[in-house]
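What follows is each chain in one-letter form.
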Amino acid sequence: RVPKNVPKVTWTVTETVNAMSGLRAVVVRQLTGHVDNASYPAINVDIQMTLGTPAEATSPVPVMMMFGRGGPIGGASANGDPVAAEQLIADGWGYAYINPASIQADNGAGLKKGIIGLVNQGQPRKPDDWGALRAWAWGASRGLDYLESDPAADSKHVGIEGVSRWGKAALVTMA
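Just so you know, these numbers come straight off a predicted model, no measurement behind them.

Thresholds applied
Residues numbered from 1 in each chain as written. Predicted model: local features only at pLDDT ≥ 70, side-chain atom pairs only at ≥ 80, totals over all residues. Heavy atoms only, no water. Helix = DSSP H or I, 4+ residues; strand = E, 2+ residues; numbered from the N terminus. Rg over C-alpha atoms; globule rule 2.2 N^0.38 Å. Buried < 20%, exposed > 50% of the residue type's maximum accessible area, 1.4 Å probe, protein only. Contact = heavy atoms within 4.5 Å. Core = buried A, V, L, I, M, F, W, Y, C linked by side-chain atoms within 4.5 Å. Salt bridge = Lys/Arg side-chain N within 4 Å of Asp/Glu carboxyl O. Axes fitted to C-alpha atoms, helices over the stretch in contact; angles between N-to-C directions. Parallel < 35°, antiparallel > 145°, perpendicular 65-115°, else oblique. Left-handed = near helix turned anticlockwise from the far one by under 90°. Nonpolar A, V, L, I, M, F, W, Y, C, P; charged D, E, K, R; others polar. pLDDT = per-residue confidence, 0-100. Arc of directions from axis to C-beta.

Help me get a handle on the overall build of the chain, residues and values and all.
Check the secondary structure of the chain and you find four helices and six strands. Start at the N end of the chain and walk to the C end: the helices and strands fall as β-β-β-β-α-β-α-α-β-α. Its C-alpha atoms give the chain a radius of gyration of 16 Å, within 12% of the compact-globule value 16 Å for 175 residues. With the principal axes as the frame, the chain shows a C-alpha extent of 50 × 30 × 30 Å.

In structure tokens, the structure reads:
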């Protein structure tokens, strides 16, 4: 469960780039979701998210949110193979990569940092407190909050996916 005292997140577009994803033009926005740390300034949490939408879209597009660190701008992999972002753009969808490590580290040493450390004011968590999967799900929900404010995204049609541990986080997010 998410604690009641989790602070507010304020989203900022830090960079907008016109790029290509395969043969399609895409608008890519680098976003930072700053978590209010006024209650414990020693810990800073900035959620990293990348949003790409088809440049030719004339109305809001559905978005697939993906747990991961994201690929290069435009979504093509280093060896030129199409990746999920490229396929989504080709089908008229947008994509949002959200970096789980920017929300909460996935190790015991990181539990005094990230959103869990911020909420606990740098103290260790209790055994029944939330863990990394739930923290990542909370962060993805805050990413959805941003999508609800972006006119390029159809926030009523957002999916989420992840692979392996991030797949478990996607299931927790949907729940």
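Lay out the environment of Lys113 in plain terms, naming residues and giving numbers.
In this fold, Lys113 is placed in the loop between strand S5 (94-98) and helix H2 (114-119). Overall, Lys113 belongs to the exposed group, its relative accessible area being 56%. It is 9.3 Å that separates the C-alpha atoms of Lys113 and Ile103, two residues lying 10 residues apart in sequence. Here Lys113 is in contact with Ile43, Gln104 and Leu118, once residues within four sequence places are set aside.

I'd love a proper account of the nonpolar core, names of residues and values included.
The biggest cluster of nonpolar side chains holds 33 residues, and the ones touching the most others in it are Ile115 and Trp138. The element best represented in this core is helix H3 (residues 132-149), accounting for seven residues. Ile115 has contacts with Val6, Pro7, Val35, Val45, Ile103, Gln104, Trp130, Ala135 and Trp138, leaving out every residue within four places of it along the chain. Counting nine residues, the second largest nonpolar core, distinct from the first, contains Val26, Ala85, Leu88 and Tyr95.

Lay out the pattern of salt bridges in plain terms, naming residues and giving numbers.
A complete count under the given rule lists four salt bridges for this structure. Arg29 is the salt-bridge partner of Asp150, the closest N and O atoms lying 3.2 Å from each other. Of this pair, Asp150 sits in the loop between H3 and strand S6 (153-161) while Arg29 sits in strand S2 (residues 24-35), and the two are 121 residues apart along the sequence. Judged on exposure class, the residue Asp150 and its partner Arg29 are both buried.

Now, about the packing of H3 against helix H4 (residues 165-174): what can you tell me, with residues and values included?
It is at 8 Å that the axes of H3 and H4 come closest, and there the two elements cross at 60°. The orientation of H3 with respect to H4, classified from their angle, is oblique. Considering the relative orientation of H3 and H4, their crossing is right-handed. Note on element contacts: H4 touches H3 through Arg165, Trp166, Lys168, Ala169, Val172 and Thr173, opposite Ala132, Leu133, Arg134, Trp136, Ala137 and Ala140. Tallied by class, the residues present in the contact of H3 with H4 amount to eight nonpolar, one polar and three charged.

Explain the side chain of Asn120 to me, using residue names and the numbers behind them.
Among the secondary structure elements, Asn120 is positioned in the loop between H2 and H3. Asn120 has contacts with Arg125 and Asp129, leaving out every residue within four places of it along the chain.

An account of unusual backbone geometry is needed here, citing residue identities and associated values.
Leaving glycine out, the prevailing phi sign among residues is negative, and the prevailing peptide bond configuration is trans. Even without glycine at this site, Gln121 takes up a positive phi of about 50°. On the secondary structure map, Gln121 appears in the loop between H2 and H3. The backbone of Ser164 shows a phi angle near 60°, a positive value even though the residue is not glycine. In this fold, Ser164 is placed in the loop between S6 and H4. Given a relative accessible area of 59%, Ser164 falls into the exposed group.

How would you explain the confidence of the model for the chain if you had to name every residue and give the values?
Mean pLDDT over the chain: 91, with 93% of residues reaching 70 or higher. Across residues 74-81, where pLDDT falls below 50, the model places 12 contacts with residues more than four positions away in sequence or in other chains.

Give a description of H4 that names residues and reports values.
Turning to H4, its buried residues are Gly167, Ala169 and Ala170. Buried residues of H4, seen end-on, are gathered within an arc of 155° and therefore sit on one face of the element. Turning to H4, the residues buried within the fold contact strand S4 (61-67), H3 and S6.

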